[in-house]
Amino acid sequence: MFFGDTEEEAQFRAEVRTWLEATLPTLPWPEPAGLEDRLVFFRQWQSLVHEAGYAGLSWPAEYGGRGASLGLQAVFAEELDRAGAPDRVNGIGEGFAGMTIIEHGTDAHKSRFLAPILRGEEIWCQLFSEPGAGSDLAGLQCRAERDGDGYRITGQKVWTSRGQIADWAILLARTSGKRHDGITYFLFPMKQEGVTIRPLTQITGDAEFNEVFLENAFVPDECILGRVGDGWRLAKATLGYERVVIATGRMNIQKWLGELMELVRESGQGEDPAVRARVADLWGRALVHRLNGARALTQLGTGAPGPESSVGKLFMTPLASDIADFALELGGLDARVAPGAEMQGDGRWQRMSYMARGMAIAGGTTQIQKNIVAERVLGLPR
Amino acid sequence: MSDHRHLLLDTVGRMLSECCGPDVVGAAEGSWPADLWRVVEAAGLPLAAVDEAAGGGGATVADALTVARLAASYAAPLPLGETGLLAGHLLTTAGLAVPSGPLAAAWTGVEVRLDGGRCVLSGRADRLPWGRVASRIAVLAEGADGLHVCSVEPSAGTVEVGSNVAGEPRDSVVFHGVEIAAGDHARAAAEVTRAALDGRGALLRAAQIAGAITAATRLTVIYAGERQQFGRPIAKFQAVGQQLALLAAEEAAANAAVELALAALDAGRDGVDEIAAAKVRAGEAAGSAAEIAHQVHGAIGFTREHRLHHLTRRLWAWRDEYGSEAIWARRLGERALTAGGNATWTMITDTSRSAAPVASGATT
């Protein structure tokens, strides 16, 4: 087990850093706030990423990717974060849909869908959760009914990030009545009649999520991923990728901790023993998180994520929350910003605090992750 | 609890459940709920604890705080406590008139210069709750000869609007040499100090936190009993049931800490230690309770259309207002150290004792 950068990682880190320094200034900053405008900005960025060969980093080379190990992916995510790179608008396309298509799709799926994701031409969203099926995803009710050479989809989905700008969705719908066995995984065209999207405003004032209403929306047979009724198995693979993204992705704990220490110094509270004890505790936990991530990456190599990825999320969530809350405490009333206010600068800790609360719920709640660890890592009875 | 207080709370509860539903609270964000204010003002709630001679209700400070706690359980978007317990208190103790309408109070950042017969106010009053709509601001200002109380309209200064995490107005008012009319200023009463006002503000927020946690707990228990996943209510899962138990414990702790401080006030003591403990404990509870309430509600609790955030965002905001846990814990610690080792046991266990000596560093 080795926790620092390997020679390959160090070299890759230096290469990415140099590239980012040269490339980021060429973008038409600032990054727009509105999603539609940000899409234009994102496409410019993604084409640069693609030209440089960093698109689809985790994807095998035969599909236009780089076949990078999870270690290199984590390095890339860290460097993007460090340099303040643009929002990865198509994270679902590249991270979840693309990976699942590569693993389970036909040759036709791969040639149709993968390249437009890499080039940033087609944006993807995820239609999994429903109002009545959150933690209990297998309880989903959205119906797929046979119609000619395809299916008609009717139901309601929720917590759909970026549904407004998505061209395609990974969709779970019920083709028969039995819980896990009756679910089919579709690659679903969003731009059609029968798809109604309603933004859901959050307590932050943002409308990151949407409700999506499907009424007799059509999806042809060739857009079924895997076999009819085999959707649950594929969905678990997708959710595994989601946990990896959450545990190793843009939420860069090291960076946040560095900023926290800056804040402690600036606030002149670094002499306070209570403050020092808390910083030391958080620093220690961040180190454990990093080492744990490195260990998981060493063990996994380039394989698909297993239930162990739940441990990373379980450890990360309270850590992120504690860092944000401590920073808010140190920053006093100035750090607490009103809804709708700029969540950058002083307000960034408020944003992180909200994100941390959300992280304990999104992608499988803390309680669901604990069940996964108990049942699938420890082998305890269900 | 006295019968009188019971009756008062009963009336207030009925009034607020009628007039202060989630729609009213939601709509009030960024605007002033004038209709709601008229209802509570007509019932005499804002000035409940102000002397009857000054137009108030003559209730005790503890009565008014329990009203504020109850109003917070409805997330009532009004400066109820600020008007009577802070501004009204400043004005009446100085013998100044208490006007109708919402009032704001400021006790730091402003100075007064007395020059012949003129009284001139300068400085910055930071983050005044509902400063923009206050009919008057009661300012405790430092002068060459001690503290003075001035009653001034916000429009006499420059108002910089702002708000807290919950979207409640927190406006700063800058006074650039504002001349105060003769009947609108007076020497502050001897018992009126910045430290005492800090304590009142802190206990007000602690009481509100306790009220909001109580309501959030109720919402969360109901939701966990109704929300079905895996074919049963999520409350049936032990993991969720245990979260609810922890939430109930936070609710109990916050309320007990506040009750202890109220009892000290009822007994005629200043309750300095109890207030510090109440703000620290209620503040801790605010963080844990909001976290559990959100976790149990899942994603739906994070949406604007759900009412949970009316309570939880207030918890996050109130936790830091009028002194964070760190500030009050330090004050309490300094007092315990000053009182000495032998006094510590009494300080913790004897709730009928007279007030501990005020440490020199405790008023900062």
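Residues numbered from 1 in each chain as written. Chains lettered and ligands numbered in written order. Predicted model: local features only at pLDDT ≥ 70, side-chain atom pairs only at ≥ 80, totals over all residues. Heavy atoms only, no water.

A.B. asks: How would you sum up the overall build of chain B? Please name residues and give values.
C.D. replies: Per the secondary structure count, chain B includes 11 helices and 10 strands. Taking 21 Å as the expected radius of gyration for a compact globule of 364 residues, we find that chain B reaches 21 Å, a close match to that expectation. Looking at chain B as a whole, 54% of its 364 residues are labelled buried. Total accessible area on chain B stands at roughly 14600 Å², and carbon and sulfur atoms take up 55% of it. Averaging the locations of the 31 positively and 40 negatively charged side chains of chain B gives two centres separated by 5 Å. (Helix = DSSP H or I, 4+ residues; strand = E, 2+ residues; numbered from the N terminus. Rg over C-alpha atoms; globule rule 2.2 N^0.38 Å. Buried < 20%, exposed > 50% of the residue type's maximum accessible area, 1.4 Å probe, protein only. Areas by Shrake-Rupley, 256 points an atom, 1.4 Å probe, with all protein chains shown as cover. Lys, Arg positive; Asp, Glu negative; His and termini not counted. Charge placed at Lys NZ, Arg CZ, Asp CG, Glu CD.)

A.B. asks: Provide a residue-level description of unusual backbone geometry, including the pertinent values.
C.D. replies: Between Trp29 of chain A and the following residue, Pro30 of chain A, the backbone shows a cis peptide bond with an omega angle of 0°. Examined against the element boundaries, Pro30 of chain A turns out to sit in the loop between helix H1 (7-23) and helix H2 (35-51). Positive phi outside glycine occurs at Trp159 of chain A, with the angle close to 65°. Note that Trp159 of chain A resides in the loop between strand E3 (150-158) and strand E4 (168-174). Notably, Phe230 of chain B is not glycine yet its phi reads approximately 55°, a positive angle. You can see Phe230 of chain B is positioned in the loop between strand E9 (228-229) and strand E10 (232-233). On the basis of relative accessibility, which here comes to 37%, the residue Phe230 of chain B falls in the partly exposed class.

A.B. asks: If you had to explain the UniProt feature "domain: Acyl-CoA dehydrogenase/oxidase C-terminal" (unreviewed entry) in chain B to someone new, which residues and values would you point to?
C.D. replies: In this structure's numbering, the residues bearing the UniProt feature "domain: Acyl-CoA dehydrogenase/oxidase C-terminal" (unreviewed entry) are residues 201-336 of chain B. Secondary structure across residues 201-336 of chain B comprises 78% helix and 3% strand; the distance between its end C-alpha atoms is 22 Å. (UniProt positions renumbered as here; feature names shortened; annotations may be inferred.)

A.B. asks: Can you lay out empty space enclosed by the protein for me, pointing to particular residues and giving the numbers?
C.D. replies: Residues and elements named next belong to chain B. With the rule as written, the count across this model stands at 6 cavities of 30 Å³ or more. A volume near 100 Å³ is recorded for the largest cavity. In terms of lining, the largest cavity is formed by 15 residues, of which the most central are Ala76, Leu78, Leu80, Gln208 and Trp318. Elements supplying a minimum of two residues to the lining of the largest cavity: helix H4 (61-73), helix H5 (80-93) and helix H6 (194-226). Residue classes in the lining of the largest cavity are distributed as 9 nonpolar, 2 polar and 4 charged. (1 Å grid on protein atoms, 1.4 Å probe; cavity = no way out; pocket = protein on both sides within 12 Å on 5 of 7 lines; lining within 4 Å. Points joined across faces, edges and corners; volume = space filled by probe spheres on them. Nonpolar A, V, L, I, M, F, W, Y, C, P; charged D, E, K, R; others polar.)

A.B. asks: Explain the pattern of salt bridges to me, using residue names and the numbers behind them.
C.D. replies: When the charged atoms of two side chains with opposite charge come close together, those side chains can pair. Residues and elements named next belong to chain A. Applying the stated criterion to the full structure yields 52 salt bridges over all chains. Here Arg278 makes a salt bridge to Glu329, at a shortest N to O gap of 3.2 Å. Of this pair, Arg278 sits in helix H8 (residues 273-300) while Glu329 sits in helix H9 (residues 309-331), and the two are 51 residues apart along the sequence. Residue class for Glu329 comes out partly exposed when judged on its relative accessible area of 25%. (Salt bridge = Lys/Arg side-chain N within 4 Å of Asp/Glu carboxyl O.)

A.B. asks: Give a detailed account of the interface of chain B and chain A, specifying residues and quantitative values.
C.D. replies: By a widely used convention, the size of an interface equals the accessible area lost when the partners come together. Of the residues lining the interface, 31 residues belong to chain B; the matching set on chain A comes to 33 residues. Each partner contributes to the roughly 2800 Å² buried at the junction of chain B and chain A, and carbon and sulfur atoms together form 56% of this total. Taken together, the connections running from chain B to chain A amount to 3 salt bridges. Along the contact surface separating chain B from chain A lie 12 residue pairs in polar contact (both at pLDDT 80 or more). Among the elements of the structure, E9, helix H7 (238-266), helix H8 (272-297), helix H9 (308-320) and helix H10 (325-339) of chain B are those that each provide at least two residues to the side of chain B that touches chain A. It is H9 of chain B that provides the largest number of residues to the side of chain B that touches chain A, a total of 4 residues. Of the residues contributing to the side of chain B that touches chain A, the split by class is 8 nonpolar, 13 polar and 10 charged. (Contact = heavy atoms within 4.5 Å. Buried area = accessible area lost by both parts, 1.4 Å probe. Polar contact = N/O pair within 3.5 Å; in protein donor to acceptor, adjacent residues only side chain to side chain.)

A.B. asks: Let's hear about the domain arrangement of chain B: which residues, and what values?
C.D. replies: Residues and elements named next belong to chain B. Domain parsing of chain B yields domain 1 (3-187) and domain 2 (194-363). Computed from C-alpha coordinates alone, the two centres of domain 1 and domain 2 are separated by 23 Å. Counting the surface lost from both domain 1 and domain 2, the interface buries some 2900 Å², and carbon and sulfur atoms represent 59% of this. Three residues stand out in domain 1 for area buried against domain 2, namely Leu65, Arg69 and Trp107, and they jointly supply 24% of the buried area on that side. Inspection of the region where domain 1 meets domain 2 yields 8 salt bridges. The salt bridge involving Arg314 is made with Glu168; its shortest N-O contact spans 3.2 Å. (Domains from an automatic or database assignment.)

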